[in-house]
Amino acid sequence: MPSRQILIFFSDTGGGHRAAANALRDAFHFLFPGEYEITFVDGFRECAPFPFNHIPDTYFPLTAYAPHLWGALFHSSNSRLSLPLSASFDDFILRSGCARVIRARAPDLVISVHPLINRAACNALKEIDPDTPFATVVTDLFDAHGLWFSAASDLVVVPTAGAFERGLKWKFPREKMRVIGQPISIKFATHAPAESQRALRERLGLRDDLFTILLVGGGEGMGPLRAIARALDHAALPIQLVVIAGRNKSLYKYLTELPWQIAVNVQSFVNNMPDWMRASDLVITKAGPGTIMETLAAGKPMLLSGYLRGQEEGNVKFVQETGVGVLRASPHAIVHQLRAWLDGDRAQLTAMQASATRAARPNAALEIAQELVKLL
Ligand code: UDP
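Residue numbering note: each chain is counted from 1, following its sequence as written. Only residues with pLDDT of at least 70 get local features here, since the model is predicted, and only at 80 or more are side-chain atom pairs given and counted; chain-wide, interface and lining totals rely on the full set of residues. Hydrogen atoms and water are omitted, and side-chain values are computed over all heavy atoms in the structure.

Undergrad: Now, about the overall build of the protein: what can you tell me, with residues and values included?
TA: Here a strand is any run of E in DSSP of at least two residues, a helix any run of H or I of at least four, and the numbering for each starts at the N terminus. Each helix and strand counted, the protein has 16 helices and 12 strands in total. We compute the radius of gyration from the C-alpha atoms alone; for a globule the expected value is 2.2 Å times N to the 0.38, where N is the number of residues. Here the C-alpha atoms of the protein give a radius of gyration of 21 Å, agreeing with the 21 Å that 2.2 N^0.38 yields for 376 residues. The principal-axis extents of the C-alpha atoms in the protein amount to approximately 60 × 45 × 35 Å. Relative accessibility under 20% of the residue-type maximum defines a buried residue, over 50% an exposed one, and the middle range a partly exposed one, all with a 1.4 Å probe and only protein chains included. Residues classed as buried in the protein amount to 57% of the 376 residues present. Contact criterion: two residues are considered in contact whenever any of their non-hydrogen atoms come within 4.5 Å of each other. Here the analysis covers contacts within the protein between residues at least 6 apart in sequence; of these, 66% occur between residues at least 24 apart. Carbon and sulfur atoms provide 55% of the accessible area of the protein, an area that totals close to 15,600 Å². His residues and chain termini do not enter the charge count, which takes Lys and Arg as positive and Asp and Glu as negative. Where a charge lies is defined by one atom per residue type, namely NZ (Lys), CZ (Arg), CG (Asp) and CD (Glu). Placing the 38 positive and 35 negative side-chain charges of the protein at their respective mean positions leaves the two points 3 Å apart. All accessible areas in this document rest on Shrake-Rupley with a 1.4 Å probe, and a residue is counted as covered only by the protein chains that are shown.

Undergrad: Before we move on, can you summarise the site of the ligand with the specific residues and values?
TA: Neighbouring the ligand are 19 residues, the closest being G15, G16, K286, T291 and E294. Polar contacts, as counted here, are pairs of nitrogen or oxygen atoms within 3.5 Å of one another; within protein the pair requires one atom able to donate a hydrogen and one able to accept it, and residues that are adjacent in sequence qualify only if both atoms are side-chain atoms. Between the ligand and K286 there is a distance of 2.7 Å, counted from an oxygen atom to a side-chain nitrogen or oxygen. Separating an oxygen atom of the ligand from a backbone N or O atom of G290 is a distance of 2.9 Å. In isolation the ligand has 540 Å² of accessible area, and contact with the protein removes 93% of it. It is helix α12 (residues 289-297) that provides the largest number of residues to the shell around the ligand, a total of four residues. For the shell around the ligand, the class distribution of residues is seven nonpolar, 10 polar and two charged. For this description, a residue counts as near a given molecule or strand if any of its non-hydrogen atoms is within 4 Å of it. Residues are grouped as follows: nonpolar covers Ala, Val, Leu, Ile, Met, Phe, Trp, Tyr, Cys and Pro; charged covers Asp, Glu, Lys and Arg; every other residue, Gly included, is treated as polar.

Undergrad: Tell me about the sheet that holds strand β10 (residues 282-286), and please be specific about residues and values.
TA: Paired through backbone hydrogen bonds, the strands of a sheet run either parallel or antiparallel to each other. One requirement defines pairing of two strands: DSSP has to find at least two bridges between them. Spatial ordering of the open sheet is given by β9-β8-β7-β10-β11-β12, a layout of six strands whose pairing is parallel. Both outer strands of the open sheet, β9 (263-267) and β12 (325-327), are each paired with one neighbouring strand and no more. Adjacent strand axes in the sheet meet at a mean angle of 20° when their direction is disregarded. Note: strand β7 (residues 211-216) against strand β8 (residues 239-244), six bridges, orientation parallel. From the neighbouring strand, V216 faces β8, where its bridge partner is I244. Here an angle of 0 to 180 degrees is reported between the N-to-C directions of two axes, which are lines fitted to C-alpha atoms, with helices fitted over the stretch in contact. Contacts from α12 reach β7, β10 and β11 (302-306) within the one sheet, and its direction differs from that of β11 by about 165°.

Undergrad: Could you give me a rundown of the pattern of salt bridges, with the residues and numbers involved?
TA: By convention in these notes, a salt bridge is any Lys or Arg side-chain nitrogen within 4 Å of a carboxyl oxygen on Asp or Glu. Taken as a whole, this structure holds 22 salt bridges when the rule is applied. Notably, a salt bridge pairs R105 with E37, separated by 3.5 Å at the nearest N-O pair. Of this pair, R105 sits in helix α5 (residues 83-105) while E37 sits in strand β2 (residues 36-42), and the two are 68 residues apart along the sequence. For E37, a relative accessible area of 27% puts it in the partly exposed group. A salt bridge links D281 to R201, with the nearest nitrogen and oxygen atoms 3.0 Å apart. Of this pair, D281 sits in the loop between α11 (273-278) and β10 while R201 sits in helix α8 (residues 197-204), and the two are 80 residues apart along the sequence. What you see here is one network of salt bridges that share partners, running through R198, R201, D208 and D281.

Undergrad: If you had to explain the packing of aromatic side chains to someone new, which residues and values would you point to?
TA: Pairs of aromatic rings are described using the distance from one ring centre to the other and the angle between the two planes. Only Phe, Tyr and Trp rings are paired, with Trp represented by its six-membered ring, and only when their centres lie within 6.5 Å; those with planes under 30 degrees apart are stacked, over 60 edge-to-face, the remainder tilted. Applying the stated criterion to the full structure yields six aromatic pairs. A centroid spacing of 6.3 Å and a plane angle of 40° characterise the contact between F28 and F32, whose relative ring orientation is tilted. Both residues of the pair, F28 and F32, count as buried. Plain terms: the ring middles of F149 and F172 are 6.4 Å apart, the flat faces sit at 50° to each other, and that makes the pair tilted. Of this pair, F149 sits in the loop between β4 (134-137) and β5 (155-158) while F172 is found in the loop between α7 (161-169) and β6 (177-179), placing the two residues 23 residues apart along the sequence. One aromatic cluster in this structure is built from F28, F32 and Y36. By definition, being over a ring means that NZ of Lys or CZ of Arg is both within 6 Å of the ring centre and within 35 degrees of the ring normal. Against the face of Y254 rests R226, its NZ or CZ located 4.7 Å from the ring centre.

Undergrad: Describe in detail the sheet that holds β6, supporting the description with residues and values.
TA: Taking strand neighbours across the sheet as the criterion, the six strands line up as β2-β1-β3-β4-β5-β6 in an open arrangement whose pairing is parallel. Two strands in the sheet have a free side with no partner beyond their single neighbour: β2 and β6. This sheet shows a mean twist of 20° between the axes of neighbouring strands, independent of strand direction. Sheet topology places β4 next to β5; three bridges connect them, and they run parallel. By the bridge assignment for β5, A135 is matched with L155.

Undergrad: Residue-level account of helix α16 (residues 364-373), with values.
TA: Every α-helix winds through 3.6 residues per turn, so residues three or four apart in the chain are directed the same way. Most of α16 is tucked away, with eight of its 10 residues classed as buried. Those residues of α16 not exposed but buried are A364, A365, L366, I368, A369, E371, L372 and V373. Turning to α16, the residues buried within the fold contact α1 (16-31), β2, β3 (109-112), β4, β5 and β6.

Here is the structure:
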């Protein structure tokens with residue numbers, strides 16, 4: 001029987017928070033086998049009263065069909081004046097539910113990987129037992145929202161120096177922050193056995209003679225993936241395309257029924273993203289932080305096809321400033337860029353690949369788990 005309890009607060013708003021929670025759980029189990037029992041708590045679904053328990057169901061429609069409203073919500077809740085209000089509102093709807101879960105589990109450590117749940121979970125814990133440590137693991141790469149830093153956490157782990165600067169801007173104590181990396185699957189870690197790209201492609205049913213592009217839109221299959229896929233199909237480029245539709249069932253159906261002209265492999269939600277990334281030569285994705293850091297860990301260059309207003313704008317900055325990818329925000333611009341790379345000079349691709357390997361933090365989840373146990 002594991003002797004210690006860890007609670008991880010997350011929510012299924014997108015795929016990134018659950019992916020980060022999974023990575024941390026796997027890292028604890030890998031490093032300390034049998035020592036920790038880890039329980040996930042979807043803060044909104046399990047702790048918020050009706051109708052707020054349905055917030056995860058609104059994420060996809062809101063971000064997909066009303067991106068301007070989403071961006072406005074992000075920015076309007078993220079100023080010096082408005083942040084205390086948004087933090088108090090989250091606290092109001094979530095704190096008593098968080099306290100109920102915390103009392104029931106009596107954890108030794110509580111972790112939050114979600115900016116909106118952070119403060120309520122921390123307040124609930126500290127009211128019940130001020131000595132139990134609380135840690136925040138930030139999953140935004142650059143312009144991290146102020147709510148990440150609004151809890152009285154004992155430790156805040158951030159993925160990049162840019163996010164560290166944000167924490168300072170929000171007056172979070174420097175000595176309680178660590179720059180380690182984004183917690184990505186430990187299948188990306190350097191201890192994991194590396195299969196050759198050729199063997200991987202064979203196992204995944206891919207051709208080995210074509211430049212292979214992985215097209216993905218986060219856990220929910222977001223962004224104009226249909227239009228991009230169609231544009232790539234009609235571009236007459238020497239490519240093979242893998243599209244991962246995630247949980248977007250209508251996208252999956254649409255793509256599997258298209259009369260494709262190019263070699264294509266369409267997947268719904270996959271549990272082996274590291275394999276698909278390593279089998280590819282380039283990743284086309286929206287600017288999701290999880291996918292970006294996974295792409296770097298796989299050592300691949302990337303082409304950003306867009307970003308969520310507000311929340312992912314900083315991730316674009318991170319990609320451009322570290323020289324690991326470019327933003328081409330329309331299907332036409334994507335095809336134009338690919339043609340330039342594939343018909344001509346591939347030096348930029350090679351340079352981006354080298355930068356990706358330099359900026360990668362493949363062992364971040366393991367390093368974060370090692371840091372978190374120091375709190376116990
Ligand atoms: N993901 C996955 N399988 C899929 C699609 C996505 O495991 O079929 C994972 C992906 O590897 C990443 C996460 O979902 O870890 C997406 O996180 P990101 O931060 O990129 O975007 P979000 O979905 O949170 O907007």
